[in-house]
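Structural overview
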Amino acid sequence: MSTPNVPLFELTTQYQLLRPEIEAAVIKVLESQQFTGGWAVESFEQKLGALHGAHAVAISSGTDALLAALMALGIGAGAEVITTPFTFFATAGTIARTGAKPVFVDIDPDTFLINLPAVAAAITPATGAIMPVHLFGQMVNALKLAEIACRHNLPVIEDSAQSIGALDATGAVMGTHSRCAALSFYPTKNLGAYGDGGALITRDATLAARFKQTRQHGETSRYHHEFVGGNFRLDAIQCAILEVKLKYLDQWNNRRRAIGAYYNQRFAGSAVIAPVTAPGNHHVYHQYVIRAPKRDALRDHLTKHGVGCNIYYPRSLHLQECFANLGYKPGQFPHTEQACAEVLALPIYPELTDAQITRVADTVLAFYQ
Ligand SMILES: *Cc1c(COP(=O)(O)O)cnc(C)c1O
């Protein structure tokens, strides 16, 4: 009997497992007719906050969480925000939408994470904030970054869209050493809604209140607008679904970590370069991203043999057409550009069976034999 195909991800198995609980939670919201704000939102925020020892504010998406954080901190025209070009578009896209200027610095080739000495070197009098990305489920060293930021009195906004449940080398969760952290609940993220969703995490109660104001058009009281915000609310239905799923997050992340450890062991000593976890980091493997010789041929081989894979990210943000005005050139961030040419993400989600992950590793290794 042959093993079934292994898609890069699929959400059906998890839905079947949680179906009665999820459907009961959704029906409860429908019957209460409280679709925005209210008990479902507050209850989820309370649990998400407790998980981080901080305040949590539910937001309409990860992108909107980044945007709302920048707006709430008053980042806009004239400010520079230092970030990585090796990330999903939203990181730099939201910076640009505020009128601020994304300032890119290269990554560390081992971890794919923003290079901290390069961040320190990029700080100018115009710098308004630093936005690191905890890419693929691994955290940037938040304490070291906080030391750099503190010296210049700069806020750090963590793009934690891919890293819920991760810990840095000091054992800290997101939001511990920063002004705030933005989460995404896009369906394929480690904690996924049934639609778009996001959140902001902060230890600062005043800032949390400002985030709530920002998601409600800057309102202080009904029809009194202190500043311009947006509609960044997260639907009550999504909060109810997320609250059900939150209970399983640890279990799911542990399974991701076990699959990551299995792949690491299979790829040790092969042509494939397995992803590197920085010492002490608790990686939650939102993605399992290898560096692969003859990457595009490997991708074709995997596709042909029924193993899903994808390239995160094929093009560095400094070379995106919409940022041409920033004046970056090819060759400016060699580590990022090399990663774009070499990386390939393999299937890693909690519902994968042992037979499936064996097949993924076998199929990759067969290509190099
Ligand atoms: C998913 C993601 C976002 C955006 O989140 P959405 O919920 O899709 O808007 C931002 N940054 C990174 C690194 C992401 O992976």
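Structural data are supplied above this passage.
Described below are features of the structure shown in this document. (Residues numbered from 1 in each chain as written. Predicted model: local features only at pLDDT ≥ 70, side-chain atom pairs only at ≥ 80, totals over all residues. Heavy atoms only, no water.)

1. Here's the deal with empty space enclosed by the protein
Per the stated rule, a full pass over the model turns up 3 cavities of 30 Å³ or more. Counted as a void, the largest cavity has a volume near 210 Å³. Every residue lining the largest cavity is counted, 21 residues in all, and those nearest its centre are F9, T188, K189, R256 and Y349. Per-class residue counts for the lining of the largest cavity are 10 nonpolar, 6 polar and 5 charged. Here the lining of the largest cavity gathers at least three residues from each of two domains, domain 1 (12–106 + 113–246) and domain 2 (249–368). The computed volume of the second largest cavity comes to approximately 50 Å³. As for the second largest cavity, its lining consists of T111, F112, L135, F136, Q138, P275, V276, H283, Q287 and V289. (1 Å grid on protein atoms, 1.4 Å probe; cavity = no way out; pocket = protein on both sides within 12 Å on 5 of 7 lines; lining within 4 Å. Points joined across faces, edges and corners; volume = space filled by probe spheres on them. Nonpolar A, V, L, I, M, F, W, Y, C, P; charged D, E, K, R; others polar. Domains from an automatic or database assignment.)

2. Quick notes on the pattern of salt bridges
For the structure shown, the criterion picks out 12 salt bridges. With a closest N to O distance of 3.0 Å, R19 and E23 form a salt bridge. Here R19 and its partner E23 are both found in helix 1 (residues 12–32), 4 residues apart, which amounts to about one turn of the helix. The residue D296 makes a salt bridge to R299 at a minimum N-O spacing of 3.8 Å. Of this pair, D296 and R299 both sit in helix 10 (residues 295–304), 3 residues apart, roughly one helical turn. With relative accessibility at 29%, the residue R299 sits in the partly exposed group. Salt bridges here are not isolated pairs; linked through shared partners, they connect E45, K212 and R215. (Salt bridge = Lys/Arg side-chain N within 4 Å of Asp/Glu carboxyl O. Helix = DSSP H or I, 4+ residues; strand = E, 2+ residues; numbered from the N terminus. Buried < 20%, exposed > 50% of the residue type's maximum accessible area, 1.4 Å probe, protein only.)

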